[in-house]
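Coordinates in review
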Amino acid sequence: MTNPDSTVLNQTETVLRTDNVSIFYGDFKAVRDVSMDIPKNRVTAFIGPSGCGKSTILRCFNRLNDLIPIFKLEGRIFYHDQSLYESNVDAVEVRRRIGMVFQKPNPFPKSIYDNIAYGVRINGLAKSKADIEEIVERSLRQAALWDEVKDKMHQSGFALSGGQQQRLCIARTVAINPDVVLMDEPCASLDPISTLKVEELIHELKENYTIVIVTHNMQQASRVSDMTAFFNAKAIEGGKRFGYLVEYDNTEDIFQNPQEEATQQYVSGRFG
Ligand SMILES: Nc1ncnc2c1ncn2[C@@H]1O[C@H](COP(=O)(O)OP(=O)(O)OP(=O)(O)O)[C@@H](O)[C@H]1O
């Protein structure tokens, strides 16, 4: 599983930790016994075949699965020292600190400006209109979108291209000052040029944020991440499959010197 010699992990503090986490949807144990540490100011990629539980684990980090009535979690997830699933933890506050960018860009049906200003206002992060304007501009600059939109801030967010919409969603996420940004296949619906822009952005964002990204694109994982977790799925009776963590290490080691045969097969495209 996790290589104890992993250099990236040894360099930086842990922001998120899963301790023997298993996840159920109803009676079905979809993901089993995941233990891993997510390091601060690094990009951690989750890779693996469809259905191995990458998105399920990602969504547990900001309690997004709480919205699914049949969801149940065993084990513990720590955000810094706080156990995330304790009854006194406010899931809304968790989602403010641990933001999420989804596969399909999902701007609000509002202007470019209001896409960002809205969260700033409802979270009480600004005292004046000037404060809001400053945060909007800073967030758009952080998302490498400012130059493209500064003259059309009051146009609809939907009027932007898909790649620009995704960067708008990233700007919206960083505007409310999160600590962690989760990304679930953020480039899946983007063309190669927009993908490259978002990848560059991820690289810059890690200076200020801890990033966890699910990706099906192995080149992307090797380009953008410092750490990589390879998940796999094992068949059980009844035609079901459960997901588990096979190996978690520095990205370079996962791609060039994996410890597990299954990882080697997956990263070299000889899988299944
Ligand atoms: N809302 C849900 N209700 C019931 N089962 C679910 C739900 N969401 C996910 N699952 C099951 O949990 C398992 C893991 O799914 P998950 O989407 O996390 O995998 P994944 O690795 O992200 O897959 P993909 O790469 O295809 O997105 C699968 O067996 C899936 O069918």
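Bear in mind the structure is a predicted one, so any value in this text is a computation, not a measurement.

Each value, and the rule that gives it
Residues numbered from 1 in each chain as written. Predicted model: local features only at pLDDT ≥ 70, side-chain atom pairs only at ≥ 80, totals over all residues. Helix = DSSP H or I, 4+ residues; strand = E, 2+ residues; numbered from the N terminus. Buried ≥ 20, exposed ≤ 12 C-beta atoms within 10 Å, placed from the backbone. Contact = placed C-beta atoms within 7 Å. Near = placed C-beta within 6 Å. Nonpolar A, V, L, I, M, F, W, Y, C, P; charged D, E, K, R; others polar. Expected span 1.5 Å × (residues − 1). Axes fitted to C-alpha atoms, helices over the stretch in contact; angles between N-to-C directions. Parallel < 35°, antiparallel > 145°, perpendicular 65-115°, else oblique. Left-handed = near helix turned anticlockwise from the far one by under 90°. Pairing = 2+ DSSP bridges. Right-handed = clockwise from strand over helix to strand, strands pointing away. UniProt positions renumbered as here; feature names shortened; annotations may be inferred.

1. A closer look at the overall build of the chain
Along the chain, the regular secondary structure elements total 11 helices and 10 strands. Overall size of the chain, expressed as C-alpha extent along the three principal axes, is 55 × 40 × 40 Å. Counting across all 272 residues of the chain, residues that qualify as buried make up 43%. Considering only contacts within the chain whose residues lie at least 6 apart along the sequence, 70% involve residues at least 24 apart.

2. A few points about the site of the ligand
Around the ligand sit Y25, A30, G48, S50, G51, C52, G53, K54, S55, T56, I68 and G243, and those are all the residues in its vicinity. For the shell around the ligand, the per-class residue count stands at four nonpolar, seven polar and one charged.

3. A few points about helix α7 (residues 162–175)
Taking 1.5 Å as the rise per residue, α7 with 14 residues should run 20 Å; its terminal C-alpha atoms sit 20 Å apart, in good agreement. Of all the 14 residues making up α7, 13 are buried; the element is thus mostly covered by neighbouring parts of the structure. Of the residues flanking the end of α7, it is N177, one or two places downstream, whose phi is positive at about 60°.

4. What about the packing of helix α4 (residues 112–122) against helix α5 (residues 129–142)?
Packing of α4 against α5 leaves a shortest axis separation of 9 Å and a crossing angle of 120°. Considering the angle they form, α4 stands oblique to α5. Judged by the sense of rotation from one axis to the other, the crossing of α4 with α5 is right-handed. Contacts between α4 and α5 involve Y113, I116, A117, V120 and R121 from the first element and I132, I135, V136, S139 and L140 from the second.

5. Details of the pairing of strand β8 (residues 210–214)
Most of β8 sits inside the fold, with five of its five residues counted as buried. The two faces of β8 match: T210, V212 and V214 on one face and I211 and I213 on the other face are all buried. Pairing geometry for strand β3 (residues 43–47) and β8, over four bridges, is parallel. Residue pairing across strands places V43 opposite I211, the latter belonging to β8. Handedness of the β-α-β unit built from strand β7 (residues 180–184), helix α8 (residues 192–205) and β8 comes out right-handed.

6. Some points on the UniProt feature "domain: ABC transporter" (unreviewed entry) in the chain
The UniProt record marks residues 16–258 with the feature "domain: ABC transporter" (unreviewed entry), using the residue numbering of this structure. Along residues 16–258 one finds 35% helix and 29% strand; the C-alpha atoms at either end are 23 Å apart.

7. Examining the sheet that holds strand β5 (residues 82–83)
Spatially, the 10 strands line up as an open sheet ordered β5-β4-β1-β2-β10-β9-β3-β8-β7-β6, and their pairing is mixed. Edge positions in the sheet fall to β5 and β6 (98–101), since each of these pairs with one other strand and no more. Looking at chain direction, β6 and β7 are connected through four bridges and run parallel. Along β7, the bridge assignment pairs G99 with V181. Where helix α2 (residues 54–61) meets the sheet, it contacts β1 (14–25), β2 (28–39), β3, β4 (71–79), β6, β7, β8 and β9 (227–235), and its direction lies at approximately 150° from that of β8.

8. Focus: the pairing of β7
The element β7 is largely enclosed, with a buried count of five among its five residues. Side-chain alternation along β7 places V180, L182 and D184 on one buried face and V181 and M183 on a second face that is also buried. Inspection of the sheet shows β7 paired to β8 by five bridges, in the parallel sense. If you follow D184 over to β8, its bridge partner there is V214.

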